[in-house]
Structures are given as C-alpha cells and as structure tokens.
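Residue-level listing of the chains:
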Amino acid sequence: MTDTHSRRVILAPDKFKGSLTAAQVAAALAAGIERAAPQTRVRQLPVADGGDGTVDAFLAAGWERVPLEAPGPTLKPLATAYAMRGDTAVIELAAVCGLAKLPGGLPDPLYASTYGLGVVMAHALDRGAREIVLGLGGSASTDGGAGLLQALGLRILTADGRELACGGAKLAQAVRVDRTGLHPGLAQARVILASDVDNPLLGPTGAAAVYGPQKGAGPDEVAVLEVALTHWAELLGPEFAGKPGAGAAGGTGFGAIAVLGAVARPGIDVVLGLVDFDAQLAGADLVVTGEGSLDTQSLHGKAPIGVAGAALHAGVPVVAVAGRVQLTPDQVRSAGFSAAYALSDLEPDPVRSMAEAAALLERIGERLAR
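Presented here is a report on the structure given in the accompanying data block. For every chain, the first residue of its written sequence is number 1, and the numbers climb from 1 along that sequence. Only residues with pLDDT of at least 70 get local features here, since the model is predicted, and only at 80 or more are side-chain atom pairs given and counted; chain-wide, interface and lining totals rely on the full set of residues. Heavy atoms from the whole structure form the basis of all side-chain values; hydrogens and water molecules are not counted.

### Observations regarding the sheet that holds strand β1 (residues 8-11)
- By definition, two strands form a pair when at least two bridges between them are found by DSSP. Labels follow the DSSP assignment, with helices taken as runs of H or I lasting at least four residues and strands as runs of E lasting at least two, numbered in each case from the N terminus. Across the sheet, which stays open at both edges, the five strands sit in the order β2-β1-β11-β12-β13 with parallel pairing between neighbours. Two strands lie at the open edges of the sheet, namely β2 (41-44) and β13 (339-342), each paired on one side alone. Averaged over all pairs of adjacent strands, the angle between their axes in this sheet comes to 25 degrees, without regard to strand direction.
- In terms of strand pairing, strand β12 (residues 318-325) meets β13 through four bridges, oriented parallel. Its bridge partner lying in β13, V319 is registered against A339.
- Contacts between residues were defined by any pair of non-hydrogen atoms, one from each residue, lying within 4.5 Å. All axes are obtained by fitting lines to C-alpha atoms, using only the stretch in contact for helices, and the reported angles, taken between N-to-C directions, cover 0 to 180 degrees. The sheet strands contacting helix α1 (residues 22-36) are β1, β2, β11 (286-294) and β12, and the helix crosses β2 at an angle near 175 degrees.
- Contacts from helix α11 (residues 303-313) reach β11 and β12, with the element oriented near 160 degrees to β11.

Pasting the structure below:
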C-alpha cells in the first residue's frame, strides 16, 4: 500500500481454529501493518459465523459483557458470558455447552445437554432482551434442543408423568410436552439462529448421522440418537424437522424453530449486520479477512465469504489470509478476493505454522502494508 497517510484498513478475520482467536489474528495482522506503515489507520473488527468466538466478536465491537454461571454440557456449573446491547442479546452455545466445555474433554454423546443454553437465554430475557441471537456451533450434545427448552420452562413428560431426564438418548421416552410454563419473556422476544449449518434434523445429512461422530458417538450410538430424534420430531412437529438449520448444534435448531418460532439465518450475515459492518466500510481502502483453512467448505457460508461479499458490495477490495489456502486461483477470485495469503507459504510444516501463527501473520501484515 502506498500513500499510507490516507489508507484505512479493516481487519475482519474469523478464528484460526486450534491456533488463534479471531481477535488474536486481527491483532497480529495489525502489528505487522503498523510496523511497516505506521500512518495506516487500522480498525480491528474480528468476526464469527455463530460458532465459538461469536460473543468475543461482539465484545470487540463494544457490546456489554454479561457474566453468569450456568450448567455445562454435563450439567456441571461453569462460568460463561453473553453479549448485550440495548434489548439485543447474543448468546453462544459453544461458550456454555460446547465440546470445549466437556469436563476433562470426555465426550458424552448420548446424555450431553443444552440445558445451560436455556439458563443463559432465560437470564437474558430477565434482563429485558427482546431480540436473542443464538450462535449455534461446536455443540457437545445431540438433544434436539430439549435441554434448552426445559430450562425455558417447557415440560417434557414420560409415560408415568415424570420430567424427562437430560440427553438425546432420553428423547425416545418422551410422550407429551406442556408449554404452559414457558418463560413469559418469550411472548415478546424474537429468536434468531446464527449458524453456518443448513442440515435437516434427520436422515443421512441430519444431526446424528453427520455430527454425532464428531461428538464421540459410534455407529450404535448414532442409531440410538436417530431413533430418539425421530420420536422427538413426531412429538414437536415433523414439519419443522426438514427446515434448513434444524440439524444445527445437535438439533438445537429444530427445538428452537418448533417451540420458540426461531428463524435460522447464516451466522456471518447476522454478525455483520449487528456490528454495523456496512457502516465500518465507509472510507475503507482494504478489508482483510480469513480463517484457519480457506477451502471449498469456506465457500458455503463461512465468515470470510460473508465479509468478502459485504466488502465488494461497498466497492472495497478484500484479501484473505489463512493458515492454508486450498482453493484454486480461479476459486479465490470467484469468491471475491483480490488475493489470498497462506501461512503455509512462509512455514510449510503445519505444526510449526500453527505454533508460530501470530509471528507469521505479522509478516503477512508487513507484506500487505508494503
């Protein structure tokens, strides 16, 4: 970049999974740019697509952090937080009952629950939230959102009238639901599901079959969960099971759509809208985005593609930075990027590349500045 006195750069990366948070990626790029071109005006605006890091993106944009304690995926209490501005709350499933919150990292595919997510959502409703964004991603459970709904007051009853225990496998025992005790704040609240997943609840592309193995479920356990979710769908409304996003976060999308009237939207679109990304683009000369791996999966609604679309709509050139770039040059251009920079070009060894990601990003920042 030349004429750095007038250059304005927006850094809007997603996380480099397993290496750096989105905020750390932005900070490293900023350090490199500012070292090579001190007069450049750099705005760090880390983003996310609904998975882990979503709340951090809003905190970086100046939203209020609301801390609380809630049950984790195995109901063990943990410290968590959500973001709030006005009457809008952003809640991240991964920060409450995600895979990273499993005690000792031990998976519990049949009995992990989203109950804690409902506890956090109730807390936000009690604080006056009337628009709630649920970031769905990285879940440890496949409970169809049952735990979420129970924490919000839905009674799920077994044949002998008892409250259903937590966990996806238990859903096969549910015989009826009672909605009369649902949190009163839900009547005035709008619930938006932010996710990059458009899978249905059931079948070969559903929550159990596709994502169950990632949560520790073997073939027999996947079969148990599929049967349980099928029964759950019959109970709440099979017409909702095929909705895009119903299979997100172990079927949490389904439960939220069927009972809360939630609307599913691409996570990055929700995030960019709420952090006023279009307004941030005014006067910008370059946008830098990226994620750990820029590949064909990225093309299906991942954060960098959403950022690129918004930047191009505003007439601002955008480049991508990634740990590795597995797209062809034609794919990179078709996605809207002027260029794509890979850490693997500087350090081919993937272990060292991940360990030294911050330093490598600073070098790429310097290259961008020059």
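There is more to say, and it comes next.
### Let's talk about the sheet that holds strand β5 (residues 88-92)
- A sheet is described by the order of its strands in space; here six strands give the open sequence β3-β4-β5-β6-β9-β10, paired in mixed fashion. One side of each edge strand has no neighbouring strand; the edge strands of this open sheet are β3 (64-71) and β10 (263-266). Taken pair by pair, the neighbouring strands of this sheet meet at an average axis angle of 30 degrees, ignoring direction.

### Focus on the pattern of salt bridges
- Here, a salt bridge means any Lys or Arg side-chain nitrogen found within 4 Å of an Asp or Glu carboxyl oxygen. Inspection of every chain in the model, using the stated rule, returns 14 salt bridges.
- For E131, the salt bridge identified is with R190, shortest N-O distance 2.7 Å. In this pair, E131 sits in strand β6 (residues 131-135) while R190 sits in strand β9 (residues 190-195), placing the two residues 59 residues apart along the sequence.
- A relative accessible area of 17% places E131 in the buried class.
- Salt-bridge contacts for R155 lead to E163; the nearest nitrogen and oxygen are separated by 2.6 Å.
- We classify R155 as partly exposed; its relative accessible area is 35%. Burial classes: relative accessible area under 20% of the type maximum marks a residue as buried, over 50% as exposed, and values in between as partly exposed (1.4 Å probe, protein chains only).

### Structural notes on the pairing of β5
- Of all five residues in β5, five are buried; the element is thus mostly enclosed.
- Of the two faces of β5, the one holding T88, V90 and E92 and the one holding A89 and I91 are both buried throughout.
- Sheet topology note: the strand β4 (residues 77-85)/β5 ladder contains three bridges and is antiparallel. Counted as the bridge partner of M84 is A89 from β5.
- As judged from the five bridges shared by β5 and β6, these two strands associate in the parallel manner. Bridge assignment links E92 to a residue of β6, and that residue is G135.

### Points about unusual backbone geometry
- Phi is positive for A249, which is not a glycine, with a value near 55 degrees.
- Topologically, A249 is positioned in helix α8 (residues 248-260).

### Comments concerning the pairing of β4
- Sheet topology note: the β3/β4 ladder contains eight bridges and is antiparallel. Note that in β4 the partner of V66 across the bridge is Y82.
- Linkage of β3 to β4, two consecutive antiparallel strands, is achieved through a turn of five residues, within which L75 is found at a positive phi near 75 degrees.
- Counted between consecutive antiparallel strands, the loop separating β4 from β5 contains two residues, among which G86 sits at a positive phi close to 60 degrees.

### Some points on the environment of P13
- Its place among the elements puts P13 in the loop between β1 and α1.
- For P13, a relative accessible area of 1% puts it in the buried group.
- Separated by 275 residues in the primary sequence, P13 and V288 have C-alpha atoms spaced 6.9 Å apart.
- Excluding residues within four positions of it along the chain, P13 makes contact with A22, V25, A26, P46, V47, V288, T289 and G290.

### A closer look at the side chain of K15
- In this fold, K15 is placed in the loop between β1 and α1.
- Judged by its relative accessible area of 16%, K15 is buried.
- Reaching out from K15, the side chain makes a polar contact with the backbone oxygen of D52 at a distance of 3.5 Å.
- In contact with K15, other than residues within four places in its own chain, are L20, T21, A22, D52, E291 and G292. The term polar contact refers here to a pair of N or O atoms within 3.5 Å; inside protein, the definition further demands a hydrogen-donor-capable atom paired with an acceptor-capable atom, and it admits residues adjacent in sequence only when both atoms are side-chain atoms.

### Some thoughts on the packing of α1 against helix α15 (residues 357-369)
- Two elements in contact, α1 and α15, have axes separated by 7 Å at closest approach and are oriented at 45 degrees. On the basis of the axis angle, α1 is oblique to α15. Classified by chirality, the crossing of α15 by α1 is right-handed. Along the contact surface, α1 presents V25, A28, L29, A31, G32, I33, R35 and A36, while α15 presents A358, L361, E362, I364, G365, E366 and A369. Roughly parallel means an angle under 35 degrees; roughly antiparallel, over 145; roughly perpendicular, 65 to 115; everything else is oblique. Two helices that cross are described as forming a left-handed crossing if the nearer one is turned anticlockwise from the farther one by less than a right angle, and a right-handed crossing if clockwise.

### Regarding helix α9 (residues 267-274)
- Buried residues dominate α9, accounting for six of its eight residues.
- Listed in full, the buried residues belonging to α9 are G267, I268, V270, V271, L272 and L274.
- Among the residues trailing α9, D276 stands out with phi positive, at a value near 55 degrees.

### Considerations on the nonpolar core
- Nonpolar cores were defined as sets of buried Ala, Val, Leu, Ile, Met, Phe, Trp, Tyr and Cys residues, with membership established by side-chain atoms within 4.5 Å. Counting 60 residues, the largest nonpolar core has M121, L134 and L260 as its most contacted members.
- Ranked by size, the runner-up nonpolar core spans 37 residues in total, among them L45, A194, A308 and A322.

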